[in-house]
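If you want the building blocks of each chain, they are given just below.
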Amino acid sequence: MNNPLLDPAGLPRFSEIRPEHVGPALDTLLGEARAALERAVGPEVPPDYDALSAVLDVATERLGRAWGAVSHLEHVADTPELRAAYNANLPRVTEFYTALGADERLYAKIKAVATGPGAAALAPPRQRALANALRDFVLGGAELQGQAKARFQQIQQRCADLAQTYSEHVLDATDRWLLYVDEARLAGVPDDVREAACAAAAAEGREGARLTLRAPCYQPLMQYAHDRVLREQLHRAYATRASDLGEPALDNSAPMRELLELRAEQARLLGQASYAHLSLVPKMADSPAQVLGFLRDLARRARPHAERDLAELRDYAAAELGIADLQPWDLAYASERLKQARYSFSDQEVRQYLTEPRVLEGLLRIVETVFEVAIRPDHAPTWHPDVRFYRIERGGELLAQFYLDPYARAGKRAGAWMDDVRGRWRRPDAGLQTPVAHLVCNFTPPVAGRPALLTHDDLITLLHEFGHGLHHMLTRVDDLGVAGIAGVEWDAVELPSQFMENYGWEWDVIRRLSAHADSGQPLPRALFDKMLAAKNFQSGLQMLRQVEFALFDMRLHLEPDAPARITALADEVRDEVSVVPRAPYNRYPHAFSHIFAGGYSAGYYSYKWAEVLSADAWAAFEEAGVFDPDTGRRYRREILETGGSRPAIDNFRAFRGREPAVDALLRHQGMA
Ligand code: ZN
């Protein structure tokens, strides 16, 4: 049998994997994993870390690695045949992992390992891996008995259904709203948006333009349309989507209330005071009170800056736009005009200086300098000729390898991401397995004879994904469950990625990374200064907006009476935090999918939380020099190399010698 997905050794044979390999490979691998689980929970495997790992981890890791290769190809080299094979097999893979996470016999076995005679002698990373595994079982309801257990499972199912209903309402409310207007009313709107709206009307045999609430239409209209009455109409429609002020069949009020009540009940069943408390159990933040204090501190410190931002906007709107009473539907419009007036430069202008070979070369040299490694091209089978493959070494020792898939193309999913191919692991059945990562971007490909040109956003994206990649690849932990990004708390996982973004805002770095495609000249300093100023445009207002959402989310999942007063609570939080005018009809909670239908319930704060950590870590480099090898070594050892083997707060303290502080973030955003 020559199924490349069943090759247990080495790197995935990407160039040989065909859709017809998927089903048979999963028959084998799922069969082996199920058999391994049966063996692992039986009497022949003693309650010993290595014995359990040798049976269960070896089989599940092999399954995970093969399925990872399939889903990676489905993301970056999709074909109808591959998608069909992926979709046909996804349910049984999901089903296996769900059953694994709820297997009571396995829970008992892991508990026996954690409390057995050898447990105290286990190295701290292994103890942490065990503790995480037990915690996840408990949060999945493994300790519940009888009626409580049945009720817990019932709640989980009902919550999944309600979240689905909620999303469908938001989607339908967004899709069903349409407005047909004369093209003349779109004055100010960019040509491509206007043309698309007119083409949509023409396709229905109508005159004029067809407007929708979908982002590619709604956002540019709110930013650019001179027609104030039109903006108000769009704003009202958008802000009342899926609410009591919209179409009754799509009102999310009842699903929201039920979801919040069920989440609170779920938390009580697990012995937690609220869903907010439950959400924080596996996270870095200690308690809802700590998060509330953190958010309120940010709000207090950003407020004067936000007030100044708003005063400037009001003055500009009155003097230049003839808008004397700034309304909610004017904010995006007036802001865009003010931004244009102050910092006009084009992405196209910047792109001419950011040629891909030079940027990539410069980025690799930075990583080599700061983290004391050598990065060289390497060879491996890939899925497309544009894909590159590299190895990372230190003193001749192979640390890790990575694929870089830079360009957009047909069959490749949009966006950018880091994914693991395999994790670092001192295998019970072989030697040391070094980590391998995917770095995937969607840059505009080069045109014949010229290098690819990156926007500054592209550069920041590349740095961000590199940060995730280094977190995964520079680990020195030998236990799969806590090596690299595995086991890192969810609200700390963006620290290394956002940290790396800072290099894209350093003049010293940009000077070296840039070279004009024709002249070879570095990016002019004056242009860079404009970019920097534009980055911090209205940072006070933006900070308060994010804090408002995060505070609302936390209180919503913390306060017992919140389910019955969602809109009132949203108003209360707005009155506490916000400085901008707000329409009384605003029902943003009814379309806040992050917290009602995504994974961010009682977790929206984590955006700001991780930003504070990364900014404060970066400040250590600003103090010592952004290429300082000593600081780089400390950061590497205490944060990247330890990863999930230690609580994130311990990693941070070990690096910084103190608790995280918000000052650096405020300073970086011009709010010092
Ligand atoms: Zn990220």
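Structure's up top.
The following paragraphs examine the structure supplied in this document.

Calculation criteria
Residues numbered from 1 in each chain as written. Predicted model: local features only at pLDDT ≥ 70, side-chain atom pairs only at ≥ 80, totals over all residues. Heavy atoms only, no water. Helix = DSSP H or I, 4+ residues; strand = E, 2+ residues; numbered from the N terminus. Rg over C-alpha atoms; globule rule 2.2 N^0.38 Å. Buried < 20%, exposed > 50% of the residue type's maximum accessible area, 1.4 Å probe, protein only. Areas by Shrake-Rupley, 256 points an atom, 1.4 Å probe, with all protein chains shown as cover. Lys, Arg positive; Asp, Glu negative; His and termini not counted. Charge placed at Lys NZ, Arg CZ, Asp CG, Glu CD. Pairing = 2+ DSSP bridges. Expected span 1.5 Å × (residues − 1). Bend = angle between axes of the 7 residues up to and from the residue. Contact = heavy atoms within 4.5 Å. 1 Å grid on protein atoms, 1.4 Å probe; cavity = no way out; pocket = protein on both sides within 12 Å on 5 of 7 lines; lining within 4 Å. Points joined across faces, edges and corners; volume = space filled by probe spheres on them. Nonpolar A, V, L, I, M, F, W, Y, C, P; charged D, E, K, R; others polar. Donors = N, O, S within 2.8 Å, 3.2 Å for Na, K, Ca; no water. Tetrahedral: all angles 85-135°; square planar, octahedral: opposite > 155°, others 65-115°. Polar contact = N/O pair within 3.5 Å; in protein donor to acceptor, adjacent residues only side chain to side chain. Phe/Tyr/Trp six-rings, centres within 6.5 Å; stacked < 30°, edge-to-face > 60°. Lys NZ or Arg CZ within 6 Å of the ring centre and 35° of its normal. Core = buried A, V, L, I, M, F, W, Y, C linked by side-chain atoms within 4.5 Å.

What to know about the overall build of the protein
Here is step 1 of the chain: Along the backbone of the protein there are 26 helices and nine strands.
Here is step 2 of the chain: In terms of overall dimensions, the protein is globule-like: its C-alpha atoms have a radius of gyration of 27 Å, near the 26 Å expected for 672 residues.
Here is step 3 of the chain: In terms of overall dimensions, the protein has C-alpha extents of about 80 × 65 × 55 Å along its principal axes.
Here is step 4 of the chain: Looking at the protein residue by residue over its 672 residues, the buried ones come to 53%.
Here is step 5 of the chain: In the form shown here, the protein has an accessible surface area of approximately 28,600 Å², with 51% of it arising from carbon and sulfur atoms.
Here is step 6 of the chain: Considering the protein, the positive charge centre built from 77 side chains and the negative charge centre built from 94 side chains are found 2 Å apart.

Re the pairing of strand S9 (residues 436-443)
Here is step 1 of the chain: S9 sits mainly inside the fold: seven of its eight residues count as buried.
Here is step 2 of the chain: With six bridges joining them, strand S5 (residues 397-407) and S9 adopt parallel strand pairing. Considered in S9, the bridge of Phe-402 is made with Ala-437.
Here is step 3 of the chain: Relative to S9, strand S6 (residues 417-422) runs antiparallel, the two being bridged by five bridges. In the strand pairing of S9, Met-418 is matched with Leu-439.

Points about helix H1 (residues 19-41)
Count 3.6 residues to each turn of an α-helix, and residues three or four apart come out pointing the same way.
Here is step 1 of the chain: For H1, which comprises 23 residues, the first-to-last C-alpha distance of 34 Å matches the rise-based estimate of 33 Å (1.5 Å per residue) to within 8%.
Here is step 2 of the chain: A bend of about 25° at Ala-25 is the largest found in H1.
Here is step 3 of the chain: Within H1 the residues assigned to the buried category are His-21, Val-22, Ala-25, Leu-26, Leu-29, Leu-30, Ala-33, Ala-36, Leu-37, Ala-40 and Val-41.
Here is step 4 of the chain: Contacts from the buried residues of H1 go to helix H2 (49-76), helix H3 (80-101) and helix H4 (104-115).

Regarding empty space enclosed by the protein
By rolling a water-sized probe across the atoms, one finds the places where empty space is left.
Here is step 1 of the chain: By the definition in use, this model includes five cavities of 30 Å³ or more.
Here is step 2 of the chain: There is about 160 Å³ of room inside the largest cavity.
Here is step 3 of the chain: Around the largest cavity, the lining is made up of 17 residues, and of these Leu-5, Asp-7, Pro-12, Arg-65 and Ala-66 lie nearest the centre.
Here is step 4 of the chain: Elements with a contribution of two residues or more to the lining of the largest cavity: H2 and S6.
Here is step 5 of the chain: By residue number, the principal contributor to the lining of the largest cavity is H2, which donates four residues.
Here is step 6 of the chain: In terms of residue class, the lining of the largest cavity is made up of 11 nonpolar, one polar and five charged.
Here is step 7 of the chain: Its volume calculated, the second largest cavity comes out at about 90 Å³.
Here is step 8 of the chain: The wall of the second largest cavity is formed by His-471, Val-488, Glu-489, Ala-492, Leu-495, Pro-496, Ile-639, Gly-643, Arg-646, Ala-648 and Asn-651.
Here is step 9 of the chain: Elements supplying a minimum of two residues to the lining of the second largest cavity: helix H17 (495-501) and helix H25 (648-656).
Here is step 10 of the chain: Tallied by class, residues from the lining of the second largest cavity come to six nonpolar, three polar and two charged.

A word on the coordination of the zinc ion
Here is step 1 of the chain: Every protein donor of the zinc ion is accounted for by His-464 (NE2), His-468 (NE2), Glu-494 (OE) and Glu-494 (OE), and the metal-donor separations fall at 2.1 to 2.7 Å.
Here is step 2 of the chain: Classification of the site at the zinc ion as irregular follows from its four donor atoms and the range of 51 to 141° in their angles at the metal.

Re the side chain of Ser-335
Here is step 1 of the chain: Structurally, Ser-335 can be placed in helix H13 (residues 331-343).
Here is step 2 of the chain: When its relative accessible area of 10% is taken as the criterion, Ser-335 is described as buried.
Here is step 3 of the chain: A distance of 3.1 Å separates a polar atom in the side chain of Ser-335 from a polar atom in the side chain of Gln-538.
Here is step 4 of the chain: Aside from chain neighbours lying at most four places away, what touches Ser-335 is Leu-313, Phe-537 and Gln-538.

Section: helix H23 (residues 606-624)
Here is step 1 of the chain: Over its 19 residues, H23 extends 28 Å from the first C-alpha to the last, a length consistent with the 27 Å expected when each residue adds 1.5 Å.
Here is step 2 of the chain: With 15 of 19 residues buried, H23 is to be regarded as a mostly interior element.
Here is step 3 of the chain: Gly-625 sits one or two residues past H23 and shows a positive phi near 105°.

Details of the packing of aromatic side chains
Here is step 1 of the chain: The tally for this structure, following the rule as stated, stands at 36 aromatic pairs.
Here is step 2 of the chain: With 6.0 Å between their ring centres and 55° between their planes, Tyr-588 and Phe-592 make a pair best called tilted. Of the two residues, Tyr-588 and Phe-592, neither departs from the other in class, the shared state being buried.
Here is step 3 of the chain: An aromatic cluster is built from Phe-371, Phe-499, Tyr-503, Trp-618, Phe-621, Phe-627, Tyr-635 and Phe-655, whose rings are joined through pairwise contacts.
Here is step 4 of the chain: Looking at Arg-231, its charged tip hangs above the ring of Tyr-333, at a distance of 4.0 Å from the centre.
Here is step 5 of the chain: For the cation-ring pair, Arg-263 lies above Tyr-275, with the distance from its terminal atom to the ring centre recorded as 5.5 Å.

Concerning the pairing of S5
Regular strands show a simple pattern: their side chains alternate between the two faces of the sheet.
Here is step 1 of the chain: The element S5 is largely enclosed, with a buried count of nine among its 11 residues.
Here is step 2 of the chain: Both strand S4 (residues 388-394) and S5 contribute to a ladder of seven bridges, which runs antiparallel. Its bridge partner being in S5, Arg-391 is matched across the sheet by Gln-401.
Here is step 3 of the chain: In this structure, the hairpin formed by S4 and S5 is closed by a connection of two residues, where Gly-395 is found at a positive phi of approximately 55°.

Quick look at the nonpolar core
Here is step 1 of the chain: The biggest cluster of nonpolar side chains holds 138 residues, and the ones touching the most others in it are Phe-371, Phe-402, Phe-499, Tyr-503, Phe-552 and Tyr-635.
Here is step 2 of the chain: Every residue in contact with Phe-402, bar those within four places of it in the chain, is listed here: Leu-364, Ile-375, Arg-388, Phe-389, Tyr-390, Ile-392, Ala-437, Leu-439, Phe-466 and Met-473.
Here is step 3 of the chain: Ranked by size, the runner-up nonpolar core spans 55 residues in total, among them Leu-6, Leu-82, Phe-389 and Trp-417.

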